[in-house]
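# A structural walkthrough
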Number of protein chains: 2
Amino acid sequence: VTRTLIAELSAKVGEQVTIRGWVNALRDQKRMQFLVVRDETGLAQAVAEKHDPPSQLNEQISALTPESAISVSGTVVADERVKLGGLELRLEHLQADSLAEPELPVAADSALDKRIDWRYLDLRRPDRRLIFEVQTTVERAMREFWREQGFIELHSPKLMGSASESGAELFKVEYFDRTAYLAQSPQFYKQMAMAAGFGRVFEVGPVFRANPSFTSRHDTEFTSVDVEISWIDSHEDEMAFEEAWLAHELAVLAREHGEEIEHTFDTQVVVPQLPFPRITLAQAKEMLREDDLPAPGAGLDLDPGSERALSSIVKQRHGHEFAFVIDYPTAVRPFYHMRHAEDQGLTKSFDLLWRGIELTTGAQREHRYEQLVAQAREKGVETGPIQYYLDFFRFGCPPHGGFGFGLTRLLMQLLAQDNVREVTFLYRGPHRLVP
Amino acid sequence: VTRTLIAELSAKVGEQVTIRGWVNALRDQKRMQFLVVRDETGLAQAVAEKHDPPSQLNEQISALTPESAISVSGTVVADERVKLGGLELRLEHLQADSLAEPELPVAADSALDKRIDWRYLDLRRPDRRLIFEVQTTVERAMREFWREQGFIELHSPKLMGSASESGAELFKVEYFDRTAYLAQSPQFYKQMAMAAGFGRVFEVGPVFRANPSFTSRHDTEFTSVDVEISWIDSHEDEMAFEEAWLAHELAVLAREHGEEIEHTFDTQVVVPQLPFPRITLAQAKEMLREDDLPAPGAGLDLDPGSERALSSIVKQRHGHEFAFVIDYPTAVRPFYHMRHAEDQGLTKSFDLLWRGIELTTGAQREHRYEQLVAQAREKGVETGPIQYYLDFFRFGCPPHGGFGFGLTRLLMQLLAQDNVREVTFLYRGPHRLVP
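Notes on the structure follow.

Conventions adopted
- Within any chain, residue numbers begin from 1 and follow the written order of that chain's sequence.
- Going through the entries in the order they are written, you letter the chains from A and number the ligands from 1.
- Only residues with pLDDT of 70 or above have their local features reported here, since the model is predicted, and side-chain atom pairs are shown and tallied only from 80 upward, although totals for entire chains, interfaces and linings are computed over all residues.
- Values reported for side chains reflect all heavy atoms of the structure, with hydrogen atoms and water molecules removed beforehand.
- The criterion for an aromatic pair is that two Phe, Tyr or Trp rings (for Trp, the six-membered ring) have centres within 6.5 Å, with stacked assigned to planes under 30 degrees apart, edge-to-face to planes over 60 apart and tilted to the rest.
- Whether a charge sits over a ring comes down to the Lys NZ or Arg CZ being within 6 Å of the ring centre and within 35 degrees of the ring normal.
- Least-squares superposition aligns the copies on the C-alpha atoms of those residues with pLDDT at or above 70 in both.
- Contacts are residue-level and defined by heavy atoms, with any inter-residue pair within 4.5 Å sufficient.
- For the exposure calls, accessible area comes from a 1.4 Å probe over protein chains only, and a residue counts as buried if that area is under 20% of its type's maximum, exposed if over 50%, partly exposed in between.
- Helix numbers and strand numbers start at the N terminus; a helix is a DSSP run of H or I with at least 4 residues, a strand a run of E with at least 2.
- What makes two strands pair is DSSP finding at least two bridges between them.
- Between the N-to-C directions of two axes lies an angle of 0 to 180 degrees, each axis being a line fitted to C-alpha atoms and, for a helix, fitted only over the stretch in contact.
- Angle categories: roughly parallel below 35 degrees, roughly antiparallel above 145, roughly perpendicular from 65 to 115, and oblique for all the rest.
- Crossings are sorted by hand: turned counterclockwise from the far helix by less than a right angle, the near helix makes the crossing left-handed, and turned clockwise it makes it right-handed.
- Ten residue types, Ala, Val, Leu, Ile, Met, Phe, Trp, Tyr, Cys and Pro, are classed as nonpolar, four, Asp, Glu, Lys and Arg, as charged, and the remainder, Gly among them, as polar.
- The buried area of a pairing is the accessible area, by a 1.4 Å probe, that goes missing from both parts when the two are put together, added over both.
- For this document, the term salt bridge refers to a Lys or Arg side-chain nitrogen within 4 Å of an Asp or Glu carboxyl oxygen.

## Some thoughts on the packing of aromatic side chains
Here the distance between the centres and the angle between the planes together describe a pair of aromatic rings. What the rule picks out here adds up to 60 aromatic pairs over all chains. Three or more aromatic residues joined by ring pairs form one cluster here, namely Trp118(A), Tyr120(A), Phe188(B), Phe335(B), Tyr336(B), Tyr388(B), Tyr389(B), Phe392(B), Phe393(B) and Phe395(B). The positively charged end of Arg27(A) is found above the aromatic ring belonging to Phe34(A), 4.4 Å away from the centroid.

## A word on the relation of the copies chain A and chain B
Both copies of the chain are related by one operation, a rotation about an axis with a shift along it. Superposition of chain A onto chain B requires a rotation of 180° combined with a translation of 0.0 Å along the rotation axis, giving an RMSD of 0.0 Å. Accordingly, the operation relating the two chain copies is best matched by a two-fold axis. Taking C-alpha positions as the reference, the residue of chain A nearest the rotation axis is Val173(A), at 2.2 Å. An overlap of 99% is found between the interface residues of chain A and their copies at the interface of chain B, pointing to a shared contact surface.

## Examining the pairing of strand E11 (residues 221-230) of chain A
Residues and elements named next belong to chain A. Burial analysis of E11 places 10 of its 10 residues in the buried class, which makes it a mostly covered element. Residues Glu221, Thr223, Val225, Val227 and Ile229 line one face of E11 and the alternating positions Phe222, Ser224, Asp226, Glu228 and Ser230 line the opposite face, and both faces are buried. For strand E10 (residues 200-208) and E11, the ladder comprises nine bridges, and the chain directions are antiparallel. Residue pairing in the sheet places Val201 in a bridge with Glu228 of E11.

## With respect to the sheet that holds strand E8 (residues 172-175) of chain A
In spatial order, the strands read E7(A)-E9(A)-E8(A)-E8(B)-E9(B)-E7(B); together these six strands make up an open sheet with antiparallel pairing. A strand with exactly one partner marks an edge of an open sheet, and here the two such strands are strand E7 (159-160) of chain A together with strand E7 (159-160) of chain B.

## Focus: the pairing of strand E13 (residues 322-326) of chain A
Residues and elements named next belong to chain A. Summarising burial for E13: five of the five residues are buried, a large majority. Residue alternation in E13 divides its side chains into two sets, Phe322, Phe324 and Ile326 and Ala323 and Val325, and both sets are buried. Sheet topology places strand E12 (residues 278-280) next to E13; three bridges connect them, and they run parallel. Residue pairing across strands places Ile279 opposite Val325, the latter belonging to E13. By the bridge criterion, five bridges tie E13 to strand E16 (residues 349-354) in an arrangement that is antiparallel. Considered in E16, the bridge of Val325 is made with Asp351.

## A few points about the packing of helix H4 (residues 126-148) of chain A against helix H6 (residues 235-265) of chain A
For any two helices packed against each other, the geometry is given by the interaxial angle and the distance between the axes. Residues and elements named next belong to chain A. As a packed pair, H4 and H6 sit with axes 9 Å apart at the nearest point and diverge in direction by 155°. Taken together, the axis directions place H4 and H6 in an arrangement best described as roughly antiparallel. As for how H4 packs across H6, the hand of that crossing is right-handed. For the contact of H4 with H6, the per-class residue count stands at 15 nonpolar, four polar and eight charged.

## Focus: the sheet that holds strand E3 (residues 42-49) of chain B
Residue and element names in this part refer to chain B. If you walk around this closed barrel you meet the five strands as E1-E2-E3-E5-E4, and the pairing is mixed. Mean inter-strand twist for the sheet, computed between neighbouring axes without regard to direction, equals 55°. Here strand E1 (residues 16-28) pairs with strand E2 (residues 32-39) via six bridges, running antiparallel. Bridge pairing links Leu26 to Leu35 in E2.

## What about the interface of chain A and chain B?
Interfaces are frequently sized by the accessible area removed from exposure as the parts join. The interface of chain A with chain B comprises 98 residues on the first partner and 97 residues on the second. Where chain A abuts chain B, roughly 8200 Å² becomes buried across the two surfaces, and 63% of that area is made up of carbon and sulfur atoms. If you sort the residues of chain A by the area they bury against chain B, Trp231(A), Phe395(A) and Leu433(A) come out on top, with a joint share of 12%. The tally of links from chain A across to chain B stands at six salt bridges. Between Arg147(A) and Glu256(B) there is a salt bridge, and its shortest N-O distance comes to 3.9 Å.

## Points about the pattern of salt bridges
Where charged atoms from two side chains of opposite charge approach closely, those side chains can pair. Evaluation of the coordinates by the stated rule reveals 74 salt bridges over all chains. One salt bridge in this structure joins Arg115(A) and Asp122(A), with 3.1 Å as the shortest N-O distance. Between Asp113(B) and Arg432(B) there is a salt bridge, and its shortest N-O distance comes to 3.1 Å. With Asp113(B) in helix H2 (residues 112-117) and Arg432(B) in the segment after helix H11 (407-414), the pair connects residues that are 319 residues apart, well separated along the chain. Asp113(B) gets classed as partly exposed once you look at its relative accessible area, which sits at 48%. Overlapping salt bridges bring together Arg115(A), Arg119(A), Asp122(A), Arg125(A), Asp127(A), Arg128(A) and Glu422(A) as one network.

## Quick word on unusual backbone geometry
Here the bond from Val434(A) into Pro435(A) is cis, since omega is -5°, no more than 30 degrees from zero. Relative to the helices and strands, Pro435(A) resides in the segment after helix H11 (407-414). Cis geometry marks the peptide bond from Leu274(B) to Pro275(B); its omega dihedral reads -10°. Positioned with a positive phi, Asp266(B) is a non-glycine residue whose angle comes to about 55°. With respect to the element layout, Asp266(B) can be found in the loop between helix H6 (235-265) and strand E12 (278-280). What makes Asp266(B) exposed here is its relative accessible area of 71%. For Asp292(B), which is not glycine, the phi dihedral falls at a positive 60°. Inspection of the secondary structure puts Asp292(B) in the loop between helix H7 (281-290) and helix H8 (304-318).

Spelled out as structure tokens, the structure:
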């Protein structure tokens, strides 16, 4: 059977076609039966005249339940009175591919947790589907940019022999007769690619955090986008890359989905001006204080509240939705972040804020073996379990840096969603492992 | 510093440039010093005249060790006597970004296991790097094809509340106060996307198998490429998709890397003719017997030996490198494979063989709830733990099917490598969790 998509119907007036989708609505009237069918491209009305006694087709239609999967064949007729695109399908044949049980367990206004219980029904809503169309496009746009700059794609292992970073929030795996750990990020491996001379790499893949929190921004598994670049002079090179890369993605999104996003989510896709503002963490705290807002003390990072506040101040003062906050103190950054030559208390690092939340953490990495080992010891990191990582720096490692980027956080802000669970295909949290 | 890639040098004759890469070789002679530098695009010679007493530059060069990461600046000079592209760099400045320790722990001819211990050094060899350039291209080509056909990209969870399939070869994760499992495939979730009305989806991501074997084809974590398509009429639709998709990828690879692959690995990228031969499993066994080769008995699957033998027979008889083996008996396929309406002992399934190994397993899935539950029970599958999966079929699920495809197996055959470990960025096996 050749399937015609509903979006293609307007080019098929007068032709016999088969459309395949779901029963969106059914009006079973005395003289006519109206069936609204939904597929991934839209809605269409199919009609059948009711006979007395009812024809076999009439009985088939009457037996349908909402959300059943069906294939309907008939002739496409133009009729200006029909709201759905001025077209309808004069029904000739119906096949119920899969009848839905009569009572649907969930509706659009059900609580989020309930909707996730029946995620596949939730995802049938066109606005939920749009989220994943947008995700597909944004990843494609990322890849276009990487391709033009000669990046290599990595698939680094998610099973590790020891912790990649702090050892906190780590999931343990029973691995034959020993213990493995799930990767919290591809950090060490993308640095290995630099030591391997790969030059520029990216990875899009799952990362795992045994974080017991239930906030709207946390989950135990999410898709991380990672970039690492060799032969940089400082973290400025990474920021220059990231802002150009993001502007490309947002330009593609604005072009391909801008109208639909505005119509569906009441929010605009804004293509940002380059460069994004750069604000040192010290300046950021000063800006908060100037606006009589609480600012974290010396040596402390911004908390989510101050990130939100800072984003609005930057919006006001610079008219910009993005802000790079740079030069975090050594105390709040991991041991492998490079320090400023002239100030060992500051790292060559950055976060990227967008619309009030942190999208990215990045830094130039320390690539000098002795310095790296010294920084690990100073931070109290046990070097034994990560010797394999330290070994990457023993036989000629170029200066390099990169960043990690949260895909779900991007989608959440882009589509004005209030919870990462809405923009994750299947959310995983401390109490959530199904479906 | 603006870095010039070695491949760009020929356009820079007479200019002052900086190249950044690794010390590939050093000849420290009486009157001249010759330095061969390697970056991700090639090799270049840099030369310095030796002064008496040696200049600071001379001393810097003499202190270099093989594989050190360096930045060298100088003027590009055309000289036909120079083997490396008829160009050399007259050295003016050298910066040792990271000196390698003098004794390299591994060489190109070291044993595979030793090379993996020092994988980043192994990956500096241009032929190893080419593997990952090819991987990047093949994934890009896959995505081009998916995009043209309106596919949505999935990122399905790798943490599951219960086994996805048999329960064998499953890794257990300590998940707060309970046990989670690592996904062996995105099978159930890509089917959920069909129930959600996503129509056509793909996923490229890690899968995990607690398989204790050490063969050249097995690992405990690998990159799976998964495709699922709704509204199919039979598994034939999936095979038609897959062969066109593969032909596209191989055409792109032949165009972009064909010469380099032939030169480096002494193997040709052959763009296949469509359609690929289809052979029922029963016919396949008959073909083996006709050639006096051992064939598996009734109700049994092909083993690796008979897969190799069958591939050569198909090559001889059909002149084709690919073969779809179809219609496997119910006994050797999972419960969710759809059965032929006219023969419940046969499934609507296929494997794809290429150059002697299995690249793909695919099938039309059973989308009718009652039938699916009956098949699970008949196979002795406990339905309690997978009720969440069975629920996908209760509220209108379209007919659908798909396949899983092993990226490393494709690369192994394409590049004539004899072990998946060679084409995996970092192999994971029962005894291998580092680096």
